[in-house]
Amino acid sequence: MDFDSIPCITTEQMVEVDRLMVEEYGIKLIQMMENAGRQLARLSVEEHLDRNPAGKVVLVLAGSGGNGGGALVCARNLHNWGADVEVVLSKPVSGYSGVIRAQVEILKSYPLQIHMARELKDIKIPDLIIDGIIGYSLEGAPRGVAAEMINWANQKDCPILALDVPSGLDASTGEAFSPAIHAATTMTLALPKTGLKLAGKKYVGKLYLADIGVPPELYASSSLGLSVGPIFKQEEIIHLADLND
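Just so it is clear, the structure is predicted and the values come from calculations on it, not from any experiment.

Visitor: Hey, could you run me through the sheet that holds strand β2 (residues 84-89) in this one?
Guide: With mixed pairing, the 8 strands of this open sheet are ordered in space as β3-β2-β1-β4-β5-β6-β7-β8. Only two strands of the sheet have a single neighbouring strand rather than two, namely β3 (113-116) and β8 (237-242). Adjacent strand axes in the sheet meet at a mean angle of 20°, parallel and antiparallel pairs treated alike. As defined by bridge partners, strand β1 (residues 57-62) adjoins β2 across 6 bridges and the pair is classed as parallel. When the sheet's bridge partners are listed, Val58 is paired in β2 with Val85.

Have a look at this one:
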């Protein structure tokens, strides 16, 4: 399956997908977050950790939105599989709320290091960086701590795996703000975002699409009007394109 055979959606359409999942299908945000984070951990192992995470150093950069929550789920799974995981939060724990705060609290019971962004300068270069700083809810250029985290990651000599959309990239238009993550790999969720095709190799890298449990019938709702079949019938994570080429 390739990029051109699957519909792409905008930020507004993805917001509607999330709404329908919760309000019409009763599938909660935390369920989707768990699915996304586990898929991200699986792709981390397959694509960047030589299929053996034991002893590999992974740094997870987690913002306070949904992408941050998914990245924290990824951190838990990689820890369980033997990786040496450290987490950097964009805000103090009190700045996280709802299910994302719940993910932080769960992780606090794990024996791994949780840092604040101001500690980035003291962190050694890992084998892999997970970008969960900002997702499709980006509004304009990243600022403050988020911008500092993006710049720090881009300066490191190791691959970056972005969740859903590289932080700093507009999911609808593909506009790359300054700064924006330069991902070696991006794992987008449910359906590809229109901006990923427009942005190209410098920011997206190798593009994968992951199943988070969206029923194909949801896309055919009157508010979306999309025809999407069982695209994950053969595998849960699909390689769509290698935008490094």
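Here the narrative resumes.
Visitor: What is the right way to read the pairing of β2 from this model?
Guide: On any regular strand, side chains alternate: one points to one face of the sheet, the next to the other face. Of all 6 residues in β2, 5 are buried, a share of seventy percent or more. With helix α3 (residues 66-80) bridging β1 and the parallel β2, this β-α-β connection has right-handed handedness. As paired elements, β2 and β3 share 4 bridges and run parallel to each other. Note on β3: the bridge partner recorded for Leu89 is Met116. Taking the sense of rotation as the criterion, the β-α-β connection linking β2, helix α4 (residues 98-108) and β3 turns out right-handed.

Visitor: Would you take a moment to explain the environment of Leu218 for this structure?
Guide: Looking at where Leu218 falls in the secondary structure, it is placed in helix α8 (residues 216-219). Relative accessible area serves as the criterion here: at 0%, Leu218 is assigned to the buried category. Taking the C-alpha atoms as reference points, Leu218 and Lys201, separated by 17 residues in sequence, lie 31 Å from one another.

Visitor: How should I be thinking about the nonpolar core in this particular structure?
Guide: Burial of nonpolar side chains together is a common tendency in soluble globular proteins. In terms of nonpolar packing, the biggest core is built from 68 residues, with Val17, Leu78, Val87, Leu89, Ile130 and Tyr219 touching the most fellow members. Counting residues per element, this core draws most heavily on helix α2 (residues 29-48), which supplies 7 residues. If we ignore the near neighbours within four places in the chain, the residues touching Leu78 are Ala41, Ser44, Val45, Leu49, Val58, Ala83 and Val85. With 21 residues, the next largest nonpolar core counts Leu59, Ala117, Ala146 and Cys158 among its residues.

Visitor: So what exactly am I meant to see when it comes to the pattern of salt bridges here?
Guide: Where side chains of opposite charge bring their charged atoms close, a pairing between them can arise. Tallied over the full model, the rule gives 11 salt bridges. A salt bridge links Arg76 to Glu34, with the nearest nitrogen and oxygen atoms 2.5 Å apart. Here the residue Arg76 occupies a position in helix α3, and Glu34 occupies one in helix α2, the gap between them amounting to 42 residues. According to the relative accessible area criterion, Arg76 is buried, its value standing at 10%. Relative accessible area serves as the criterion here: at 29%, Glu34 is assigned to the partly exposed category. Linking Arg51 and Glu46 is a salt bridge whose minimum nitrogen-to-oxygen distance equals 3.0 Å. Overall, the relative accessible area of 43% leaves Glu46 in the partly exposed class. Through salt bridges with shared partners, one network takes in Glu16, Arg19 and Glu23.

Visitor: Help me understand the layout of surface pockets, please; the structure alone is not making it clear to me.
Guide: A water-sized probe rolled over the atoms picks out the places where empty space is left. The computed volume of the largest pocket comes to approximately 750 Å³. Surrounding the largest pocket, 33 residues form its lining, Gly65, Gly66, Asn67, Gly135 and Ser137 being those nearest its centre. Counting residues per element, the ones that place at least two in the lining of the largest pocket are α1 (11-23), α2, α3 and α5 (144-154). Its residues assigned to classes, the lining of the largest pocket shows 18 nonpolar, 10 polar and 5 charged.

Visitor: What is the right way to look at the side chain of Lys193 in this model?
Guide: Examined against the element boundaries, Lys193 turns out to sit in the loop between β6 (185-189) and α6 (194-199). When its relative accessible area of 1% is taken as the criterion, Lys193 is described as buried. For Lys193, the side chain forms a polar contact with the main-chain oxygen of Leu189, separated by 2.7 Å.

Visitor: How should I be thinking about the side chain of His115 in this particular structure?
Guide: In this fold, His115 is placed in strand β3. Engagement of the side chain of His115 in a polar contact is seen with the side chain of Glu119, the distance being 3.3 Å. When neighbours within four sequence positions are excluded, His115 is seen to be in contact with Glu86, Val87, Val88, Leu89 and Ile123.

Visitor: Got a minute to help me understand the packing of α2 against α4 in this structure?
Guide: Helices that pack against each other are described as a pair by the angle of their axes relative to one another and the distance between those axes. Here α2 crosses α4 at 50°, and the two axes come no closer than 10 Å. It follows from the interaxial angle that α2 and α4 lie oblique. At the point where α2 passes α4, the crossing takes the right-handed sense. Here Leu29, Ile30, Met33 and Glu34 of α2 lie close against α4, whose contacting residues are Val99, Ile100 and Gln103. Its residues assigned to classes, the contact of α2 with α4 shows 5 nonpolar, 1 polar and 1 charged.

What counts as what
In this numbering scheme, every chain counts its residues from 1 along its sequence in written order. Residue-level local features of this predicted model are given only where pLDDT is at least 70; pairs of side-chain atoms are given and counted only at 80 or more, and the full residue set underlies all totals for whole chains, interfaces and linings. Each side-chain value is derived from all of the structure's non-hydrogen atoms; neither hydrogens nor water enter the calculation. Any two strands with at least two DSSP bridges between them are considered paired. Numbering of helices and strands starts at the N terminus; helices are DSSP runs of H or I of at least 4 residues and strands are runs of E of at least 2. Axis geometry follows a simple rule: fit a line to the C-alpha atoms, using only the stretch in contact for helices, then measure angles between N-to-C directions, giving values from 0 to 180 degrees. Exposure is judged per residue with a 1.4 Å probe applied to protein chains only, and the accessible area is read against the type maximum: over 50% gives exposed, under 20% gives buried, and values in between give partly exposed. We call a crossover right-handed when, viewed with the strands running away from us, the connection from the first strand over the helix to the second turns clockwise. By convention a nonpolar core is built from buried Ala, Val, Leu, Ile, Met, Phe, Trp, Tyr and Cys residues, the set being connected through side-chain atoms within 4.5 Å. Contacts are assigned to residue pairs with any non-hydrogen atoms lying within 4.5 Å of each other. Should a side-chain nitrogen of Lys or Arg be within 4 Å of a carboxyl oxygen of Asp or Glu, the pair is scored as a salt bridge. Points on a 1 Å grid, built from protein atoms alone, make a cavity when a 1.4 Å probe fits but cannot get out and make a pocket when they are open with protein on both sides within 12 Å along at least 5 of 7 lines; residues with an atom within 4 Å of a point are the lining residues. Grid points are joined across faces, edges and corners, and a volume is the space filled by probe spheres set on the points. Polarity classes work like this: nonpolar for Ala, Val, Leu, Ile, Met, Phe, Trp, Tyr, Cys and Pro, charged for Asp, Glu, Lys and Arg, and polar for all others, with Gly in that last group. For the purposes of these results, a polar contact is taken to be a pair of N or O atoms within 3.5 Å, where, inside protein, one atom must be able to donate a hydrogen and its partner to accept one; residues adjacent in sequence count only when each atom of the pair is a side-chain atom. Angular relationships are summarised with four words: roughly parallel below 35 degrees, roughly antiparallel beyond 145, roughly perpendicular across 65 to 115, and oblique for the angles in between. By definition, turning the near helix anticlockwise from the far helix through less than a right angle yields a left-handed crossing, and turning it clockwise yields a right-handed one.

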